[in-house]
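# Structure assessment
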Number of protein chains: 2
Amino acid sequence: MRLSRHFLPVMKESPADAQIVSHKLMLRAGMIRQTAAGIYAWLPLGHRVLRKIEQIVREEQDRAGAIELLMPTMQSADLWRESGRYDAYGPEMLRIKDRHDREMLFGPTNEEMITAIFRDNARSYRDLPRILYHIQWKFRDEVRPRFGVMRGREFLMKDAYSFDLDIEGARHSYNRMFVAYLRTFRRMGLSAIPMQADTGPIGGDLSHEFIVLAPTGESEVFYHTNWEVERALDVDVDDVAALQGFVNGLTADYAATDEKRDPAREAAAGDKLKQSRGIEVGHIFYFGTKYSAAMGMTVQGPDGQPVTPQMGSYGIGVSRLMGAIIEASHDDAGIVWPDAVAPYTVGLINMRADDARCAAAADDLYAKLEAAGIETLYDDRDERGGAKFATMDLIGLPWQIVVGPKGLDKGVVELKRRATGEKVELSVEDAIAKVRG
Amino acid sequence: MRLSRHFLPVMKESPADAQIVSHKLMLRAGMIRQTAAGIYAWLPLGHRVLRKIEQIVREEQDRAGAIELLMPTMQSADLWRESGRYDAYGPEMLRIKDRHDREMLFGPTNEEMITAIFRDNARSYRDLPRILYHIQWKFRDEVRPRFGVMRGREFLMKDAYSFDLDIEGARHSYNRMFVAYLRTFRRMGLSAIPMQADTGPIGGDLSHEFIVLAPTGESEVFYHTNWEVERALDVDVDDVAALQGFVNGLTADYAATDEKRDPAREAAAGDKLKQSRGIEVGHIFYFGTKYSAAMGMTVQGPDGQPVTPQMGSYGIGVSRLMGAIIEASHDDAGIVWPDAVAPYTVGLINMRADDARCAAAADDLYAKLEAAGIETLYDDRDERGGAKFATMDLIGLPWQIVVGPKGLDKGVVELKRRATGEKVELSVEDAIAKVRG
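No experiment lies behind these values; they were computed from the predicted model shown.

Below, the discussion takes up helix α7 (residues 240-251) of chain A. All names here are of chain A. End to end, α7 covers 17 Å across 12 residues, agreeing with the expected 16 Å (1.5 Å per residue, within 8%). Listing the buried residues of α7 in full gives L243, F246, V247 and L250. End-on, the buried residues of α7 take up no more than an arc of 95 degrees, which puts them together on one face. Buried residues in α7 make contact with α6 (167-187).

Examined against the element boundaries, L69 of chain B turns out to sit in the loop between β3 (67-68) and β4 (74-76). Considered as a pair, L69 of chain B and A160 of chain B are 91 residues apart in the sequence and their alpha carbons are 9.8 Å apart. Excluding residues within four positions of it along the chain, L69 of chain B makes contact with W42, L43, P44 and H47 of chain A together with I114, L132, Y133 and H134 of chain B.

Let us now look at the interface of chain A and chain B. Accessible area lost when the parts come together is the quantity often used to give the size of an interface. Across the boundary between the two partners, chain A contributes 56 residues, which contact 56 residues of chain B. Summed over both sides, the interface of chain A with chain B buries roughly 4500 Å², with 62% coming from carbon and sulfur. For chain A, the biggest contributors to the area lost against chain B are F7, L70 and R99 of chain A; these three give 16% of the whole. The salt bridge partner of D98 of chain A is R153 of chain B, with a shortest N-O separation of 2.9 Å. For the pair chain A and chain B, the number of links is 20 residue pairs in polar contact (both at pLDDT 80 or more). In terms of residues, the side of chain A that touches chain B owes the most to one element, helix α2 (residues 44-63) of chain A, which gives six residues.

Turning to the sheet that holds strand β5 (residues 94-97) of chain B, a few remarks are in order. Residue and element names in this part refer to chain B. The sheet built from three strands is open, its strands ordered β4-β6-β5 with antiparallel pairing. One side of each edge strand has no neighbouring strand; the edge strands of this open sheet are β4 and β5. Each adjacent strand pair in this sheet contributes to an overall mean axis angle of 40 degrees, direction not counted. Pairing between β5 and strand β6 (residues 103-106): four bridges, direction antiparallel. Paired with I96 across the two strands is M104, which belongs to β6.

Moving on to unusual backbone geometry. Along the chain, L128 of chain A connects to P129 of chain A via a cis peptide bond; the corresponding omega equals -10 degrees. Tracing the chain through its elements places P129 of chain A in the loop between α5 (111-121) and β7 (130-139).

Before going further, it helps to spend a moment on the domain arrangement of chain A. Residues and elements named next belong to chain A. Each assigned domain of chain A is listed with its residue range as follows: domain 1 (3-334) and domain 2 (344-436). A C-alpha centroid distance of 38 Å is found between domain 1 and domain 2. Contact with domain 1, which involves 15 residues of that partner, is made by 12 residues of domain 2. When the buried area of domain 1 at its contact with domain 2 is split by residue, L3, R48 and A333 rank highest and sum to 40% of it. The closest approach of N and O atoms between R418 and D331, which form a salt bridge, is 2.7 Å. On the surface where domain 1 and domain 2 come into contact, there are seven residue pairs in polar contact (both at pLDDT 80 or more). Of all the secondary-structure elements, those providing two or more residues to the side of domain 1 that touches domain 2 are α1 (21-28) and α2.

Right, let's talk about the packing of α2 of chain A against α6 of chain A for a bit. Residues and elements named next belong to chain A. Contact geometry of α2 with α6 gives a least axis separation of 9 Å together with a crossing angle of 150 degrees. Here α2 lies roughly antiparallel to α6, going by the angle between them. In this structure, α2 meets α6 at a crossing whose hand is right-handed. Touching I56, V57, E59, E60, Q61 and R63 of α2 are M177, A180, Y181, R183, T184 and R187, all from α6. Considering only residue class, the contact of α2 with α6 consists of five nonpolar, two polar and five charged.

This brings us to the sheet that holds strand β5 (residues 94-97) of chain A. Residues and elements named next belong to chain A. What the three strands build is an open sheet, ordered β4-β6-β5; its pairing is antiparallel. Edge positions in the sheet fall to β4 (74-76) and β5, since each has one partner strand and no second. Pairs of neighbouring strands in the sheet enclose a mean axial angle of 40 degrees, with direction left out of account.

Thresholds, definitions, all that
Residues numbered from 1 in each chain as written. Chains lettered and ligands numbered in written order. Predicted model: local features only at pLDDT ≥ 70, side-chain atom pairs only at ≥ 80, totals over all residues. Heavy atoms only, no water. Helix = DSSP H or I, 4+ residues; strand = E, 2+ residues; numbered from the N terminus. Expected span 1.5 Å × (residues − 1). Buried < 20%, exposed > 50% of the residue type's maximum accessible area, 1.4 Å probe, protein only. Arc of directions from axis to C-beta. Contact = heavy atoms within 4.5 Å. Buried area = accessible area lost by both parts, 1.4 Å probe. Salt bridge = Lys/Arg side-chain N within 4 Å of Asp/Glu carboxyl O. Polar contact = N/O pair within 3.5 Å; in protein donor to acceptor, adjacent residues only side chain to side chain. Pairing = 2+ DSSP bridges. Axes fitted to C-alpha atoms, helices over the stretch in contact; angles between N-to-C directions. Domains from an automatic or database assignment. Parallel < 35°, antiparallel > 145°, perpendicular 65-115°, else oblique. Left-handed = near helix turned anticlockwise from the far one by under 90°. Nonpolar A, V, L, I, M, F, W, Y, C, P; charged D, E, K, R; others polar.

Quick look at the structure:
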């Protein structure tokens, strides 16, 4: 993509209304713009990152055996009356009347709807186990939206729902998602700790929040220092016993949110206990028959008798993850994207747009990068080199390649790794080989 | 994907509440389920097709030089007061009050929002021309939703917006989209005719609807029989004059919606004039400075003077397209997907799930198809062959491969082309080569 034809409105100064670094940087890098309190438009650069995060989430859900569908944002109030949550849910649920005065709502979560869909379409034990998921825009009418996309009102979420014949099966589904979540976050360069957590308005007996440690996080969390070491995640999730053993091994190390602290385990951790703030990026729940029983869902069991399925639900804050990644990966100059979610792999800078030789060499290199399938943002604008460097550092692409007259005299370009600042002079071919990895 | 692990609830009988064939078949094939009046959940099979349609739309927008972003669904009423449309728009706009009693709405279209975003972030003539688009769920509170996804209340739409310095530029952007639309629909196996159309609540002077002819369509349309012949679409859209000539050549043949009939041109067409019903799948508008002037958007022109940009907007009904494709491509047994949008390329049927030899051969073929990157739905269930054939015909995958004991004796499988019903016996290797194309 040529920057001269892009829509990338960067800002030199930090906007006054942004308090945390990810919010500031997303505004400055032209990734988002607020359109109403807690509601954002995703400009092209932000949208590209959002889609990459979404795709990683999707791939790991698919790999865990979950099946994608898509439920609508607008739900009928009657559906929520079936579970009893319509009156129980707080004012963060946006209640709406349509033109026929029917009560609707902009869904904050989908337990009722997926239960109704599964109830009306699954008949027998052969239809279980299943995990269904979707990636969908949701709305929660936060009383005080803040921190940009971290606590906005309209946000993108992956929510999955599991249906099993018995508690053991439900536990296995829970464990599948447990590992899928760890894999998902790690692919984005994040280290997320699963913490025993409160179940809140979803309900149920077993719940983990996945927390990325960050001083700007809204949650107060407690964990054993063993969590600071990266764990191997190579377990066969189809092997029930092996997976349970794997999850037990992980959770043997203490980690809990403020609401679920355990004084005995904290005492046992001794000076290995750490306290921090963290950002919740995922939350998983096992809640048994809470919704299936309330909404009258049964399937025919192998013995012909009706069975009320066991359920769980599993959320990932897809748009919030972008904020979490930036909180975890930035420096004074701007964002430092992990390779897997970077909007482009390479930022190509022509130092002298007014120099025909430089322009020709940069055009040629751009064509070669595109031909090699390397996503490239090409700054071909007629601007000062200093401004171009500052923009590239701000938007944080993993690699920068600079084409300038001095380098061309020597037959080289300059390749810079954004994360380390390391610069090397290379031939065009070697630079392409290097960024291709 | 193994059908034994899928969520594909097919129905033998046509649902009573569906009037048109696409609605019936989408319900029967387990693609959608209604969750409230005119609101649908997209089950896994329907969701796969939706994503394929969306991706074709995206690729042709990108190819036309448009840049993707994403605006939120919830909009502030104040934004619509700036253009004067808040009070002008009818009751199909869903008006909402948030917890602080602020007036919001679930966006039916985005002219105001994109104008505000562009106004606040574009400064100079160098920022033009641009075409920005997004693919987003919208809501229109139809008084009488009907025909399934064809006239639902919550629907997926691609809407693009162009910004140009002058009328000539705006016309070029309009022509770019004109050709992009023809290419988009053709890739989906649809023949859509651009027809002079009314501008409705969007406003403006120049407008075309893209209409797929179908007896179940809601629009009455009139066109010259020349439109029944497929046109070549190979024009360089960056060449302003060539593109204008190309569009002029196409529109020399009469085609108009009911509101825009031209008696003189109809008389000139003589017995080449045809009347039909049609489905609107796209609608493009040029409306000059209607929104940019009302909302005070200017950029600095090359001479330093402020310029009010010329705008157009360009919509495609992404979810509606699925209905249009089915209306255009089905038979008595079910859907006949065009290859480009089929949810899977191959339906693999094991005729005898209880026969170890058949199961092993089908498993092996499934593994080979997956390894070859061919999207396959594998019916490995313990069901009668007849039921499996009926399901495969209903869901309309382009190819079916049948593994049965008699074929295995001869070392062959049966390959069926869904569209023609043609069946051939082939070795496994030849069958794979054939579906790979």
